[in-house]
Structure formats: C-alpha cells, structure tokens
Amino acid sequence: MDNFKYVLASNSPRRKELLAGLGLDFEVRVIDGIDESYPSSLPASEVAQYIAEKKAAAYKPTLKADELIITADTVVIVGDDILGKPKDEADAVRMLRAISGRSHQVTTGVCLLTSGKQRSFSVTTDVTFKQLTDDEILHYIKTYHPFDKAGAYGIQEWIGYIGVTGLNGSYYNVMGLPVQRIYTELQNF
C-alpha cells in the first residue's frame, strides 16, 4: 500500500482520526465550495456515493501522478428521507426526533481516485435508537453542538452512549469513514 501518496479530501476531525488508525501517512487537502447537490430522482441509498464521486471529480485536475485521493460523504436515511447536517438548533431537534425510537441507516460513500483509476463504493450500517426525551435531545444539542454531523449526532458522543440500542454493520462507518472497507479496497487497488 506504499505505491501512492495518500490525500484525504476532508476537514473532518473524525475522518482524519479514523484514516490515521489504518497507519497510513496522508495529507489533508480541502477545496472549498464543492457542489454537493444531487438529483432528486436518485435513490437515497445512492446519494452518498454520488456526492463522494462528485467531490473526487473536483480534485481530479489537482492530482499528481503518484497521489491517491480519498473522498467521502455520509448521509443518514430515515425511511426515504435523507438527513444531512442540521442548519440550526430547530433542525437538529427535528432530526433527532425523527431517529428517536426507531432504526435508520447511515450510508457513507467513498471514492478512491488516482490520475488513472477510480474506485467507488458505499457502506451502510443500521442503527437503532431508544425513544429519546426532549430533555435528552436538547441537552445533547446544547452540550455537543452537532451541526457538522449528518443526522445531527455523533455515535461516539453522549447521545450514542445513552441512545443507541442496536447496531448492524460498521461502527466506524457511522462515525464517517468505513475504514475496514477502505483498507480492503486500497489493498486491491
């Protein structure tokens, strides 16, 4: 896996921590203002991978021959609705109420890109929350400010400790990067 210089296209502290956990040397490179829109006809399960590929396309002109860029996008899916990052406190309350007392899916799309090759995939994890009280929701939002997190929560924070009753799939995927799958894909790249 030493064939490339790895570049993580994300400012997310969680993604940096998770990728570092694989023991890879990498640099972080961020292009601001990448359009993350998607066609409304796209199935919810395909949105994260679509956006990860769109992000990779923005980086392609900057790639050097020996670089491999990793882009990712995570969405929370409740029924057919996609929960992105909350706009404000009221939006965060709405999202946490939507996942309260039920299961939802967290899908992370990943794109691995070099100047000559692209590999994209997505990983989905099912997460079940207990019925959250309004007091728990408001305490979490006011204490942890989850405005940079899809679905308005971080599983590794207090809300995950007290709220998650079930998990089927990758815990790290819910944090924002399916590192086991990335490791496997990089080995086969």
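Look a little higher up for the structure.
A brief look at the structure comes next. Given the structure is predicted, the values throughout are model-derived calculations rather than measurements.

1. What about unusual backbone geometry?
1) Next: Within the chain, histidine 145 stands out as a residue other than glycine whose phi angle is a positive 45 degrees.
2) Next: Take histidine 145: it is sitting in the loop between helix 4 (134-144) and helix 5 (158-163).
3) Next: At alanine 152, a residue that is not glycine, the phi angle is positive and equals roughly 65 degrees.
4) Next: Examined against the element boundaries, alanine 152 turns out to sit in the loop between helix 4 and helix 5.

2. Focus: the environment of threonine 71
1) Next: With respect to the element layout, threonine 71 can be found in strand 3 (residues 67-78).
2) Next: By relative accessible area, which is 0% here, threonine 71 ends up buried.
3) Next: The sequence separation of threonine 71 and isoleucine 159 amounts to 88 residues, and the corresponding C-alpha distance is 27 Å.
4) Next: Polar contacts involving the side chain of threonine 71 include one to the main-chain carbonyl oxygen of alanine 52, which spans 2.7 Å.

3. Section: the packing of aromatic side chains
1) Next: The full count for this structure, using the stated rule, is 4 aromatic pairs.
2) Next: Centre to centre, the rings of tyrosine 171 and tyrosine 172 are 5.6 Å apart; their planes meet at 80 degrees, and the pair counts as edge-to-face.
3) Next: By relative accessible area, which is 32% here, tyrosine 171 ends up partly exposed.
4) Next: A cation sits over an aromatic face here: lysine 117 above phenylalanine 189, 4.6 Å from the ring centre.

4. A look at the packing of helix 3 (residues 89-99) against helix 4
1) Next: Direction vectors running N to C along helix 3 and helix 4 enclose 135 degrees, while the axes themselves pass 10 Å from each other. For the element pair helix 3 / helix 4, the angle class is oblique. For the crossing formed where helix 3 meets helix 4, the hand is right-handed. The segment helix 3 lies against helix 4, with Glu89, Ala92, Val93, Leu96 and Arg97 engaging Asp134, Ile137, Leu138, Tyr140, Ile141 and Lys142.

5. Points about the environment of serine 45
1) Next: You can see serine 45 is positioned in helix 2 (residues 44-59).
2) Next: Owing to a relative accessible area of 43%, serine 45 belongs among the partly exposed residues under this scheme.
3) Next: Each C-alpha atom, one on serine 45 and one on glutamate 17, is 25 Å from the other, the two residues being 28 residues apart in sequence.
4) Next: Leaving out residues up to four positions away in the same chain, serine 45 has contacts with Ile77, Thr107 and Ser122.

Parameters at a glance
Residues numbered from 1 in each chain as written. Predicted model: local features only at pLDDT ≥ 70, side-chain atom pairs only at ≥ 80, totals over all residues. Heavy atoms only, no water. Helix = DSSP H or I, 4+ residues; strand = E, 2+ residues; numbered from the N terminus. Buried < 20%, exposed > 50% of the residue type's maximum accessible area, 1.4 Å probe, protein only. Polar contact = N/O pair within 3.5 Å; in protein donor to acceptor, adjacent residues only side chain to side chain. Phe/Tyr/Trp six-rings, centres within 6.5 Å; stacked < 30°, edge-to-face > 60°. Lys NZ or Arg CZ within 6 Å of the ring centre and 35° of its normal. Axes fitted to C-alpha atoms, helices over the stretch in contact; angles between N-to-C directions. Parallel < 35°, antiparallel > 145°, perpendicular 65-115°, else oblique. Left-handed = near helix turned anticlockwise from the far one by under 90°. Contact = heavy atoms within 4.5 Å.

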